[in-house]
Amino acid sequence: MEKDSVLYQLMDTRMHSVMNGIVSSDGEYQAILRKSDIYSGELDRMDLSKEIRLLIDRYVSEQNALGSRFGMLAYLLGFSARPCF
């Protein structure tokens, strides 16, 4: 699917306007965010080398990208005419 398609544009609009409001009021999302902040503080206290922190950052970023991409594809599937099976 082309990134400049109407479907992608619609998804981008919905994600940036509607999702921000949803996540700010979603208790489960906010709980995950608080837990993440705790882990971040623990990492800071470990006084890890720059190389190790960079490796951890890259790993976590790629894991986040996977989840984000999966969610985006699932969202697009909801709008597409493709059969799910």
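Residues numbered from 1 in each chain as written. Predicted model: local features only at pLDDT ≥ 70, side-chain atom pairs only at ≥ 80, totals over all residues. Heavy atoms only, no water.

A closer look at the overall build of the protein chain
Part 1 of the argument: Helix and strand counts for the protein chain stand at three helices and zero strands.
Part 2 of the argument: Along the protein chain, helices (α) and strands (β) appear in the sequence α-α-α when read from the amino end.
Part 3 of the argument: Counting only residues that meet the buried cut, the protein chain has 9% of its 85 residues in that class.
Part 4 of the argument: Accessible surface, the protein chain as shown: approximately 7400 Å² in total, 60% of it carbon and sulfur. (Helix = DSSP H or I, 4+ residues; strand = E, 2+ residues; numbered from the N terminus. Buried < 20%, exposed > 50% of the residue type's maximum accessible area, 1.4 Å probe, protein only. Areas by Shrake-Rupley, 256 points an atom, 1.4 Å probe, with all protein chains shown as cover.)

Describing unusual backbone geometry
Part 1 of the argument: Not every positive phi belongs to a glycine, and D47 is a case in point at roughly 50°.
Part 2 of the argument: Within the element layout of this structure, D47 appears in the loop between α2 (27-45) and α3 (50-79).

Re helix α1 (residues 6-25)
Part 1 of the argument: With 20 residues, α1 extends 28 Å between its outermost C-alpha atoms, agreeing within 8% with the 28 Å of an ideal straight helix rising 1.5 Å per residue.
Part 2 of the argument: Of all the bends in α1, the greatest, near 40°, is centred on M19.
Part 3 of the argument: Every buried residue of α1 is listed here: L7, Y8, M11 and V23. (Expected span 1.5 Å × (residues − 1). Bend = angle between axes of the 7 residues up to and from the residue.)

A closer look at α2
Part 1 of the argument: Along its 19 residues, α2 runs 27 Å from first to last C-alpha, staying within 8% of the 27 Å computed at 1.5 Å per residue.
Part 2 of the argument: Between the side-chain oxygen at the start of α2 and the backbone nitrogen of E28 there is a gap of 3.3 Å, and the oxygen is on D26.
Part 3 of the argument: Just downstream of α2 lies D47, where phi reads positive at about 50°. (Polar contact = N/O pair within 3.5 Å; in protein donor to acceptor, adjacent residues only side chain to side chain.)

What about the nonpolar core?
Part 1 of the argument: One finds L7, Y8, M11, M72 and L76 forming the largest nonpolar core, which totals five residues.
Part 2 of the argument: At the level of secondary structure, the elements contributing two or more residues to this core comprise α1 and α3.
Part 3 of the argument: No other element matches the three residues that α1 contributes to this core. (Core = buried A, V, L, I, M, F, W, Y, C linked by side-chain atoms within 4.5 Å.)

Some points on the pattern of salt bridges
Part 1 of the argument: Inspection of the entire model under this criterion finds one salt bridge.
Part 2 of the argument: Notably, a salt bridge pairs D44 with R53, separated by 3.0 Å at the nearest N-O pair. (Salt bridge = Lys/Arg side-chain N within 4 Å of Asp/Glu carboxyl O.)

What to know about the environment of R14
Part 1 of the argument: Note on placement: R14 falls in helix α1.
Part 2 of the argument: Setting aside anything within four residues of it in sequence, one finds R14 in contact with M19 and Y75. (Contact = heavy atoms within 4.5 Å.)

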